[in-house]
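Understanding the architecture of this molecule
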Amino acid sequence: MGKIIYPNKLKKGDTVGITAVSMPANDEKIDIAIDNLKGIGLNVIETSNVRSSGIVSSDGKRRAEEFLELYKNPDVKYIIAARGGEFLMEMLPYLKGHEDIIKNNVKWFQGFSDPSLLNLYI
């Protein structure tokens, strides 16, 4: 059985990345969340699909690419799924073959509902 690896704790000045791995965020709610994160001293970046229109934030390939970009970014210490939904499965095939990116860039990932599958994958 493998060893559990824990990412470092967040500290002021760290960067949080927000991405939409399924459905896009509600603009008003995401603005409040970002203001709260900034209020405790964190920097925030969001991927291009967070505020997209429609039911699905973007196609599965694009969602996987944006998720992996946050994982590859050494400044991002924590990744948050903007919202749940029922479309996460569409991006999973595009993560295959990129396990080393996740393994070599240990970060916290937070998501609820459909994004919980990413926790299993990670």
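Note that the coordinates shown come from a computational prediction; the quantities given were computed from them, not determined experimentally.

1. A short note on the layout of surface pockets
Over the atoms a probe the size of a water molecule is rolled, and this reveals where empty space is left. Of the volumes computed, that of the largest pocket is approximately 330 Å³. Lining the largest pocket are 14 residues, with Ile5, Pro7, Val106, Lys107 and Ile122 sitting closest to its centre. At the level of secondary structure, the elements contributing two or more residues to the lining of the largest pocket comprise helix H3 (99-103) and strand E4 (108-110). When grouped by side-chain class, the residues that make up the lining of the largest pocket number 10 nonpolar, 1 polar and 3 charged. Taken as a whole, the second largest pocket holds about 180 Å³ of empty space.

2. Observations regarding the packing of aromatic side chains
By the definition in use, this model includes 2 aromatic pairs. Centroid distance Phe67 to Phe109: 5.6 Å. Interplanar angle 90°. Geometry classified as edge-to-face. In this pair, Phe67 sits in helix H2 (residues 60-72) while Phe109 sits in strand E4, placing the two residues 42 residues apart along the sequence. For Phe67, a relative accessible area of 0% gives the class buried. A connected cluster of aromatic rings, assembled from ring pairs, spans Phe67, Tyr71 and Phe109.

3. Here we look at the side chain of Lys107
With respect to the helices and strands, the residue Lys107 is situated in the loop between H3 and E4. Despite being buried, Lys107 has no salt bridge partner; Asp75 is the closest side chain of opposite charge, sitting 8.3 Å away. Here the side chain of Lys107 touches Val76 through a polar contact of 2.4 Å, landing on its backbone oxygen. Setting aside chain neighbours within four positions, we find Lys107 in contact with Pro7, Leu70, Tyr71, Asn73, Pro74, Val76, Lys77 and Ile79.

4. As for the pairing of strand E2 (residues 43-46)
Direction of pairing for strand E1 (residues 15-19) relative to E2: parallel, over a ladder of 4 bridges. Paired with Thr15 across the bridge in E2 is Asn43. In this fold, E1 hands off to helix H1 (residues 27-39), which returns the chain to E2; that crossover is right-handed.

5. What to know about the sheet that holds E4
Spatially, 4 strands are ordered E2-E1-E3-E4 in an open sheet, and the strand pairing comes out parallel. What marks the edges here is a single partner per strand, and that holds for E2 and E4. Averaged over all neighbouring strand pairs, the angle between strand axes comes to 25°, with direction disregarded. Strand contacts of H1: E1, E2 and strand E3 (76-81), with the helix running at about 150° to E2, the strand carrying the most contacts. Across the sheet, H2 is in contact with E1, E2, E3 and E4; its angle to E1 comes to roughly 170°.

So, how was this worked out
- Residues numbered from 1 in each chain as written.
- Predicted model: local features only at pLDDT ≥ 70, side-chain atom pairs only at ≥ 80, totals over all residues.
- Heavy atoms only, no water.
- 1 Å grid on protein atoms, 1.4 Å probe; cavity = no way out; pocket = protein on both sides within 12 Å on 5 of 7 lines; lining within 4 Å.
- Points joined across faces, edges and corners; volume = space filled by probe spheres on them.
- Helix = DSSP H or I, 4+ residues; strand = E, 2+ residues; numbered from the N terminus.
- Nonpolar A, V, L, I, M, F, W, Y, C, P; charged D, E, K, R; others polar.
- Phe/Tyr/Trp six-rings, centres within 6.5 Å; stacked < 30°, edge-to-face > 60°.
- Buried < 20%, exposed > 50% of the residue type's maximum accessible area, 1.4 Å probe, protein only.
- Lys, Arg positive; Asp, Glu negative; His and termini not counted.
- Salt bridge = Lys/Arg side-chain N within 4 Å of Asp/Glu carboxyl O.
- Polar contact = N/O pair within 3.5 Å; in protein donor to acceptor, adjacent residues only side chain to side chain.
- Contact = heavy atoms within 4.5 Å.
- Pairing = 2+ DSSP bridges.
- Right-handed = clockwise from strand over helix to strand, strands pointing away.
- Axes fitted to C-alpha atoms, helices over the stretch in contact; angles between N-to-C directions.

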